[in-house]
Amino acid sequence: MSDYFEEMGWTPLGDGEAPNHLIHLARLLRDSGMWELLDQDTRLPPPASKEALNTLEDIEISSSESKQCPVCIKEFEMGNLVKTLPCRHTFHKDCIIPWLGKTNSCPLCRYELPTDDEDYEMYRKEKKRSVQRKKDLETLHNSMFM
């Protein structure tokens, strides 16, 4: 069984190391609901990482497909190469690369690609943990009272 620090994804303080009190203040604001009132819960996502852009799959359009690019709404022409995101949505390269240079999400389903911004990645991880904690508490509550 993992200990508290491993479960939370933290590392204990080393000898002579002091805690970061600003992080404690931010957690207090978040846990008390004040974080949402200060509009800190709605961060704009940074651009997708260069590595994520380089790993996007190229697909050649065949004659049997009659799709259109959701960004420019032009039909894909036969033989053209299009970019496919991990969520399986396809776009013209000239449409999706500038989009992902501004934000890290799919324009259709908001699937988020990785970013180079460490703070935003920590924010995403904490947000995901918060959702999981709520589900765990609901499961615990339901197992006790149903």
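Cut-off values and rules
Residues numbered from 1 in each chain as written. Predicted model: local features only at pLDDT ≥ 70, side-chain atom pairs only at ≥ 80, totals over all residues. Heavy atoms only, no water. Helix = DSSP H or I, 4+ residues; strand = E, 2+ residues; numbered from the N terminus. Expected span 1.5 Å × (residues − 1). Buried < 20%, exposed > 50% of the residue type's maximum accessible area, 1.4 Å probe, protein only. Contact = heavy atoms within 4.5 Å. Polar contact = N/O pair within 3.5 Å; in protein donor to acceptor, adjacent residues only side chain to side chain. Patch = residues over 30% accessible without salt bridge, like charges linked within 9 Å, V, L, I, M, F, W, Y side chains within 5 Å. Areas by Shrake-Rupley, 256 points an atom, 1.4 Å probe, with all protein chains shown as cover. Salt bridge = Lys/Arg side-chain N within 4 Å of Asp/Glu carboxyl O. Phe/Tyr/Trp six-rings, centres within 6.5 Å; stacked < 30°, edge-to-face > 60°. Core = buried A, V, L, I, M, F, W, Y, C linked by side-chain atoms within 4.5 Å. Pairing = 2+ DSSP bridges. Axes fitted to C-alpha atoms, helices over the stretch in contact; angles between N-to-C directions.

K.L.:
Teacher, can you tell me more about helix α6 (residues 118-145) here?
P.N.:
Since the α-helix turns once every 3.6 residues, residues separated by three or four places project in the same direction. With 28 residues, α6 should cover 40 Å at 1.5 Å per step; its first-to-last C-alpha distance of 40 Å lies within 8% of that length. Three or more residues of α6 are buried, namely Tyr120, Tyr123, Glu126 and Arg129. Residues of α6 that are buried sit in contact with α1 (4-8) and α2 (21-32). For α6, the N-terminal cap is aspartate 117; the gap from its side-chain oxygen to the backbone nitrogen of aspartate 119 is 3.1 Å.

K.L.:
I'm lost on a nonpolar patch on the surface in this one. Help?
P.N.:
Side chains of Leu137, Leu140, Met144 and Phe145 sit close together on the surface and give an oily, nonpolar patch of about 470 Å² of accessible area. As for its placement among the helices and strands, leucine 140 is situated in helix α6.

K.L.:
Just checking my understanding: could you explain the side chain of histidine 92 for this structure?
P.N.:
Along the chain, histidine 92 turns up in strand β3 (residues 90-92). Apart from residues no more than four positions distant in its own chain, histidine 92 is found in contact with Cys69, Cys72, Lys74, Glu75 and Phe76.

K.L.:
Any chance you could explain the environment of leucine 100 here in plain terms?
P.N.:
Turning to its location among the elements, leucine 100 is positioned in helix α5 (residues 93-100). Once residues within four sequence positions are removed from consideration, leucine 100 is found in contact with Pro47, Ala48, Leu53, Leu56, Leu85, Ser105 and Leu113.

K.L.:
Sorry, what's going on with the side chain of threonine 103 here?
P.N.:
The residue threonine 103 is located in the loop between α5 and α6 in this model. Setting aside chain neighbours within four positions, we find threonine 103 in contact with Pro45, Pro46, Pro47 and Ala48.

K.L.:
Whenever I open this one, the packing of aromatic side chains confuses me. Can you help?
P.N.:
Aromatic ring pairs are defined here through the distance separating the ring centres and the angle between the ring planes. What the rule picks out here adds up to one aromatic pair. With a centroid separation of 5.7 Å and an interplanar angle of 40°, the aromatic rings of tyrosine 120 and tyrosine 123 are classed as tilted. With tyrosine 120 and tyrosine 123 both in helix α6 and three residues apart, the pair spans about one turn of that helix.

K.L.:
Can you help me understand the nonpolar core in this one?
P.N.:
In a soluble, globular protein the nonpolar side chains are often hidden away together inside. If you look at the biggest cluster of nonpolar residues, it comprises 15 residues, and the most contacted ones within it are Leu56, Leu85, Phe91, Leu100 and Leu113. Sorting the residues of this core by element identifies α4 (50-54) and α5 as the ones contributing at least two each. It is α5 that provides the largest number of residues to this core, a total of three residues. Ignoring anything within four residues of it in the chain, the contact list for leucine 113 reads Ala48, Ala52, Leu56, Leu85, Pro86, Leu100, Asn104 and Arg124.

K.L.:
Mind showing me how you'd approach the sheet that holds strand β2 (residues 81-84) here?
P.N.:
Neighbouring strands of a sheet are bound in pairs by backbone hydrogen bonds; such pairs are parallel or else antiparallel. A sheet is described by the order of its strands in space; here three strands give the open sequence β1-β2-β3, paired in antiparallel fashion. Only two strands of the sheet have a single partner each, and these edge strands are β1 (57-60) and β3. Each adjacent strand pair in this sheet contributes to an overall mean axis angle of 45°, direction not counted. In this structure, β1 lies alongside β2, joined through four bridges in antiparallel fashion. Bridge pairing links isoleucine 59 to valine 82 in β2.

Fair warning: the whole summary comes from geometry, so function is off the table for now.
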